[in-house]
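Chain residues, written in single-letter form:
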Amino acid sequence: MAQQISYQIDNNLYLSITDRCTLECVFCPKTLGDMTVKGYDLTIIHRPTEEEVIASIDDPTQYEEVVFCGYGEPTLRLNVLLEVARHIKQQGGRVRVNTDGLCNLVHKHNTLPELGECVDSLSISLNAQNQEIYDLHCRPNLPGSYEAMLDFTREAPSYIADVTVSAVDGLEGLDIPACKAI
Ligand code: SF4
């Protein structure tokens, strides 16, 4: 079976570079054993190299954005992400990273200066107005995840112009207005 590294949805090209996460979100298809999205099977047979990811991108300029996403946290593979993002920028493409916002916690330093050099936009999963709701739905494996995600979110606009925060509406106890206030 050929591995789906890149996949197109609407005008964006998405890149799946890992199936690992430090979260185990209860609402995530991956947690429920389903690795498909819009008809694409994102099962990771092996973690693709930077060369394989680059080879899976035809022409980044023909997409609105090239998005690091998939059923895994892309910043866990920070070096591969940065190398591929630099390549996309060199080719004239636009780069977005969909992330859990735990990059600095995992890598134990401020990664935003590196990301800011080659990432145009960030979409960060906030998913809760407080730690209790976050722990309930995102089930972090690393202590301090909620606070680390908030710190990353506060810091991000100093390095990246376009930062969006998201939450999954309808989860038990989730307060969307409170999330918006954050
Ligand atoms: S961080 Fe993303 S990919 Fe990982 S379990 Fe949560 S929703 Fe799924």
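Residues numbered from 1 in each chain as written. Predicted model: local features only at pLDDT ≥ 70, side-chain atom pairs only at ≥ 80, totals over all residues. Heavy atoms only, no water.

Notes on the overall build of the protein
Each helix and strand counted, the protein has seven helices and eight strands in total. Scaling as 2.2 N^0.38, a compact globule of 182 residues should have a C-alpha radius of gyration of about 16 Å, and the protein matches this with 16 Å. For the protein, the proportion of its 182 residues judged to be buried stands at 47%. Across the protein, the fraction of contacts at a sequence separation of at least 24, relative to all contacts at a separation of at least 6, is 80%. Surface accessibility of the protein: about 8,800 Å² in total, with carbon and sulfur atoms responsible for 47%. Where the 13 positive side-chain charges of the protein centre and where its 27 negative ones centre are 2 Å apart. (Helix = DSSP H or I, 4+ residues; strand = E, 2+ residues; numbered from the N terminus. Rg over C-alpha atoms; globule rule 2.2 N^0.38 Å. Buried < 20%, exposed > 50% of the residue type's maximum accessible area, 1.4 Å probe, protein only. Contact = heavy atoms within 4.5 Å. Areas by Shrake-Rupley, 256 points an atom, 1.4 Å probe, with all protein chains shown as cover. Lys, Arg positive; Asp, Glu negative; His and termini not counted. Charge placed at Lys NZ, Arg CZ, Asp CG, Glu CD.)

Re helix α5 (residues 131–138)
Residue pairs three or four apart in sequence face the same way in an α-helix, which turns once every 3.6 residues. When α5 is considered as a whole, its buried residues turn out to be I133, Y134, H137 and C138. Viewed along the axis of α5, the buried residues span an arc of 100°, placing them on a single side of the element. In this fold, the buried residues of α5 make contact with α6 (145–155). In the stretch just after α5, R139 is the one whose phi turns positive, near 45°. (Arc of directions from axis to C-beta.)

Focus: the state of the cysteines
Taken as a whole, this structure holds zero disulfides when the rule is applied. Cysteine C103 is unpaired, with the sulfur of C118 as its nearest cysteine sulfur at 11 Å. Residue classification places C103 among the buried positions, given a relative accessible area of 1%. Given the relative accessible area of 2%, C118 is considered buried. (Disulfide = S-S within 2.5 Å.)

Overview of the pairing of strand β6 (residues 95–99)
Most of β6 sits out of view: five of its five residues are buried. The side-chain alternation of β6 yields two buried faces, one formed by V95, V97 and T99 and the other by R96 and N98. Where strand β5 (residues 66–68) lies against β6, three bridges are found, and the strand directions are parallel. Following the sheet pairing, V67 is matched in β6 by R96. Pairing of β6 with strand β7 (residues 121–125), which is carried by four bridges, proceeds in the parallel orientation. Looking across to β7, one finds that V97 is bridged to L122. (Pairing = 2+ DSSP bridges.)

Some points on the site of the ligand
By nearness alone, every residue bordering the ligand is listed as C21, L23, C25, C28, T31, Y71 and G72. The residue inventory of the shell around the ligand, partitioned by class, reads five nonpolar, two polar and no charged. (Near = heavy atom within 4 Å. Nonpolar A, V, L, I, M, F, W, Y, C, P; charged D, E, K, R; others polar.)

Thoughts on the sheet that holds β5
Read from one edge of the open sheet, six strands run β1-β2-β5-β6-β7-β8, paired in mixed fashion. Edge strands, defined here as strands with exactly one partner in the open sheet, are β1 (6–9) and β8 (162–166). Averaged over all adjacent pairs, the angle separating strand axes in this sheet is 25°, with direction ignored. Most of the contacts of helix α2 (residues 78–90) go to β5, to which it runs at about 175°, and overall it touches β2 (12–15), β5 and β6. Each of β6, β7 and β8 is contacted by α6, which is oriented at about 155° to β7, the strand it contacts most. (Axes fitted to C-alpha atoms, helices over the stretch in contact; angles between N-to-C directions.)

Some details on the nonpolar core
In terms of nonpolar packing, the biggest core is built from 51 residues, with L15, F68, L115 and L122 touching the most fellow members. With seven residues, the single largest contributor to this core is α2. (Core = buried A, V, L, I, M, F, W, Y, C linked by side-chain atoms within 4.5 Å.)

Observations regarding the pairing of β7
For β7, a buried count of four out of five residues is recorded, marking the element as mostly surrounded by other parts of the structure. Here five bridges tie β7 to β8, and the two strands are oriented parallel to one another. Within the sheet, the bridge partner assigned to S123 lies in β8 and is T164.

The values reported here are purely geometric and, on their own, carry no functional implication.
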